[in-house]
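Single-letter residue listing:
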Amino acid sequence: MSLFLAQQSLPFTIALIVMLVLTVLEGASLLVGGSGLSEMLDNVIDFDMDADAGIHGHGGLLGWLHFGRVPVLMLLILFLTSFGIAGLLIQMLANSIVGNFLPSWLASIGAFFASVPAVRAGGFMLEKILPKDESSAISLDALVGRAGIIVIGTARMGAAAQARVRDEHGRSHYVMVEPDNENSVFETGTEILLVKRLGAKYQAIRNPHAGLMQP
């Protein structure tokens, strides 16, 4: 127990605690609402990676770690787990050899470099076993033309709010939305229609067929 509670081991203990909390939240969100934390995170973080990016830019590095092909939450849980376990193992080994724990910053460097290939290996395995269907591989551009509803905040031009949009398969996506003109304001509960994608957010108009949201 002293290994987990030692000050030099706190970064690793905290990483494992955060991993457990995220896992519980994901399970709870799926049970309660049907749309998991993982799906929300994937839609808030827009990686929009180019398959032909090669090793240039962030696409190559993130692609090497399987971002865009494995849910972000799963990769985060993999990182926290491997970072926490590697750090504790480093401290255990150091204590058995020199009789004391390493400074947390030094052990964290070693744990980080050990966790990166672990995330890549875990992501590779997850990519092979996770189901691949059309609903999970939908392009973000395919949401243009879909109806949704503002769920968090008030959307103004230059100030986006979060909206829930359903794709053609009936799956919910959480996206950031702003009006397509400065005279429109969308409050929480407003039904909208996505008309244009601008990077990680969308422009929208009021749904001209309110009450008839797809699907």
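Residues numbered from 1 in each chain as written. Predicted model: local features only at pLDDT ≥ 70, side-chain atom pairs only at ≥ 80, totals over all residues. Heavy atoms only, no water.

Caption draft 1: Layout of the confidence of the model for the chain. When pLDDT is averaged along the chain, the result is 79; 75% of the residues meet or exceed 70. When pLDDT is averaged over each element of the chain, helix H5 (residues 72–98) comes out on top at 92 and helix H4 (residues 57–64) at the bottom at 55. Confidence drops under a pLDDT of 50 for residues 47–59, and excluding neighbours within four residues, the segment shows twelve contacts in the predicted structure. This model gives residues 133–137 a pLDDT under 50, and the stretch forms six contacts once residues within four places in sequence are excluded. (pLDDT = per-residue confidence, 0-100. Helix = DSSP H or I, 4+ residues; strand = E, 2+ residues; numbered from the N terminus. Contact = heavy atoms within 4.5 Å.)

Caption draft 2: Layout of the packing of aromatic side chains. Tallied over the entire structure, the rule returns four aromatic pairs. Residues Phe79 and Phe112 carry aromatic rings whose centres are separated by 6.1 Å and whose planes lie at 70 degrees to one another, so their mutual orientation is edge-to-face. Taken together, the residues span a long stretch of sequence, with Phe79 in helix H5 and Phe112 in helix H6 (residues 104–129) at a distance of 33 residues. For Phe79, a relative accessible area of 25% corresponds to the partly exposed category. Here the aromatic residues Phe12, Phe79, Phe83, Phe112 and Phe113 are joined through ring pairs into a cluster of three or more. (Phe/Tyr/Trp six-rings, centres within 6.5 Å; stacked < 30°, edge-to-face > 60°. Buried < 20%, exposed > 50% of the residue type's maximum accessible area, 1.4 Å probe, protein only.)

Caption draft 3: Up close: a nonpolar patch on the surface. Taken together, the side chains of Trp105, Leu106, Ile109, Phe112 and Phe113 make up a nonpolar region of the molecular surface, amounting to roughly 550 Å² of accessible area. Inspection of the secondary structure puts Trp105 in helix H6. By relative accessible area, which is 57% here, Trp105 ends up exposed. (Patch = residues over 30% accessible without salt bridge, like charges linked within 9 Å, V, L, I, M, F, W, Y side chains within 5 Å. Areas by Shrake-Rupley, 256 points an atom, 1.4 Å probe, with all protein chains shown as cover. Salt bridge = Lys/Arg side-chain N within 4 Å of Asp/Glu carboxyl O.)

Caption draft 4: View of the environment of Asn183. Residue placement: Asn183 occurs in the loop between strand E3 (172–179) and strand E4 (191–198). By relative accessible area, Asn183 is classed as exposed at 70%. The spatial distance from the C-alpha of Asn183 to the C-alpha of Met157 is 8.2 Å, given a sequence separation of 26 residues.

Caption draft 5: Representation of H5 in the model. With 27 residues, H5 should reach 39 Å at 1.5 Å per residue; the first-to-last C-alpha distance of 38 Å fits that figure. Following H5 by one or two positions, Gly99 adopts a phi angle in the positive range, close to 80 degrees. (Expected span 1.5 Å × (residues − 1).)

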